[in-house]
Amino acid sequence: LMRFAAPGALLAWGLLPLLGGLLLLGLLRQRALLERLGHSAAVRRLARSASLERRALKGVMLLAAGFFLIVALARPQWGRHAEPVTRRGVDVLLALDVSTSMLAQDAPPDRFTRARALAGDLARRLSGNRVGVIAFAGSAFVQCPLTLDLAAVRLFLDILEVGDVPDAGSDLAQAIGLARQTFPAQVEGHRVLVLITDGEDHEGRAEEAAGEAAAAGMLVYTAGVGTTSGGPIPLPGEGAGYKRDADGRVVTTRLDEATLAAIAEAGGGRFVRVSASLAESRLLAEEIDRMEKADLSSRIVTTHIDRYQFPLAVALLLLGWEPLVSAARRRRDEP
């Protein structure tokens with residue numbers, strides 16, 4: 001069955017009657033002018049160059065050319081063609097720290113908001129790759145499994161909040177270990193974990209875990225959020241104040257660049273410090289894009305075959321032929 005890929009173009013057919021009417025009006029006006037000079041038959045013998053029939057034929061050819069040109073623009077299709085399509089890319093997991101230290105406001109408006117913004121921007125730049133989200137604090141869980149649907153990734157990022165992981169503290173090794181379990185076991189290499197955190201690691205096993213991950217073919221990148229001078233941790237609720245230690249002193253949380261740099265070095269990746277402009281997302285995306293790609297998915301795609309060439313050829317033939325048709329009456333056409 002024939003179908004049109006761009007059926008809206010067929011609306012232009014509505015212009016053809018208007019064009020035909022203008023051509024007919026021109027012919028009738030020409031006939032009226034000739035008849036004013038005298039008897040129509042006698043005038044035609046004198047005006048050898050005027051052949052209303054041939055002018056009408058040229059007009060019909062132009063209208064027919066317009067008809068077929070509009071058909072070509074509507075892209076008629078019939079027949080189908082099946083071909084395999086394979087998507088290649090890199091598997092990337094974005095691990096976001098949701099511990100309470102991420103509420104510190106030394107990276108305005110707060111660390112977590114900036115971390116989530118970086119993750120969203122990075123996911124947008126990783127189109128064509130599979131992306132997933134891990135949330136971690138004292139433990140870790142998969143917030144969004146690896147998917148090519150980046151709209152779903154952004155949705156899961158939008159609903160993620162500090163405190164979604166009930167276990168207090170910050171265990172980066174847990175996030176690294178969960179990432180290793182989440183990546184497909186049959187895929188060697190082509191796997192990247194991006195840890196987005198302030199670097200506080202209460203367990204101190206992250207560097208070792210990153211080295212083991214790198215040996216298994218998973219690269220570990222770290223993105224630090226916050227400042228080395230640090231800031232207090234706001235408590236939930238308006239006017240609740242700041243988190244304090246056992247002695248009643250306000251706790252100051254600081255970005256641990258040294259720990260994050262060591263984790264990235266052990267994991268074969270690199271450390272970046274997240275700025276307000278989020279320029280680091282472009283840098284990370286470019287590095288990931290340069291990595292060797294793996295087959296992520298394969299499927300058979302059936303496409304309709306375009307046949308616009310046929311009506312286009314007819315239209316061009318008519319447009320090329322029309323100027324060759326003389327508007328003058330040839331002698332053998334004379335009565």
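Attention here is on the structure that accompanies the text.

About the criteria used
Residues numbered from 1 in each chain as written. Predicted model: local features only at pLDDT ≥ 70, side-chain atom pairs only at ≥ 80, totals over all residues. Heavy atoms only, no water. Buried < 20%, exposed > 50% of the residue type's maximum accessible area, 1.4 Å probe, protein only. Helix = DSSP H or I, 4+ residues; strand = E, 2+ residues; numbered from the N terminus. Pairing = 2+ DSSP bridges. Right-handed = clockwise from strand over helix to strand, strands pointing away. Polar contact = N/O pair within 3.5 Å; in protein donor to acceptor, adjacent residues only side chain to side chain. Contact = heavy atoms within 4.5 Å. Lys, Arg positive; Asp, Glu negative; His and termini not counted. Salt bridge = Lys/Arg side-chain N within 4 Å of Asp/Glu carboxyl O. Core = buried A, V, L, I, M, F, W, Y, C linked by side-chain atoms within 4.5 Å.

Turning our attention to the pairing of strand β6 (residues 191–197). Of all the seven residues making up β6, seven are buried; the element is thus mostly covered by neighbouring parts of the structure. Burial along β6 is two-sided: Arg191, Leu193, Leu195 and Thr197 facing one way and Val192, Val194 and Ile196 facing the other are all buried. Where strand β3 (residues 91–97) lies against β6, six bridges are found, and the strand directions are parallel. What sits directly across from Val92, in β6, is Val192. Two strands pair when backbone bridges link them, and β6 and strand β7 (residues 218–224) are joined in this way by seven bridges, in the parallel orientation. Paired with Val194 across the two strands is Tyr221, which belongs to β7. The parallel pair β6 and β7 is bridged by helix α7 (residues 206–215), and the resulting crossover is right-handed.

Bringing the side chain of Glu287 into the picture now. Note that Glu287 resides in helix α9 (residues 279–289). In terms of polar contacts, Glu287 uses its side chain to reach the side chain of Arg270, at 2.5 Å. Once you skip the residues sitting within four places of it in the chain, Glu287 turns out to touch Tyr221 and Arg270.

Now for the environment of Phe310. With respect to the helices, strands and loops of the structure, Phe310 is situated in helix α10 (residues 309–321). A sequence separation of 241 residues divides Phe310 from Leu69, and the C-alpha atoms of the two residues are 10.0 Å apart.

The next subject is the side chain of Glu280. Here Glu280 lies in helix α9. Of the side chains with opposite charge, Arg114 comes closest to the buried, unpaired Glu280, at an N-O distance of 7.6 Å. The residues touching Glu280, leaving out its near neighbours within four places in the chain, are Leu118, Val272, Arg273, Val274 and Ser275.

Across soluble globular proteins, you tend to see nonpolar side chains buried next to one another. Core analysis: the biggest nonpolar cluster contains 38 residues, and Val92, Leu94, Leu96, Val153, Val192, Val194 and Ile196 have the highest contact counts within it. Looking at this core, the elements that each hand over two or more residues are β3, α4 (111–125), β4 (130–136), α5 (150–159), β6, β7 and α9. Ranked by residues supplied to this core, first place goes to α4 with six residues. Other than its neighbours up to four places away in sequence, Val194 contacts Val92, Leu93, Leu94, Ala95, Leu122, Tyr221 and Leu284. Ile176, Phe183, Ala209 and Val220 belong to the second-largest nonpolar core, a separate cluster that totals 23 residues.

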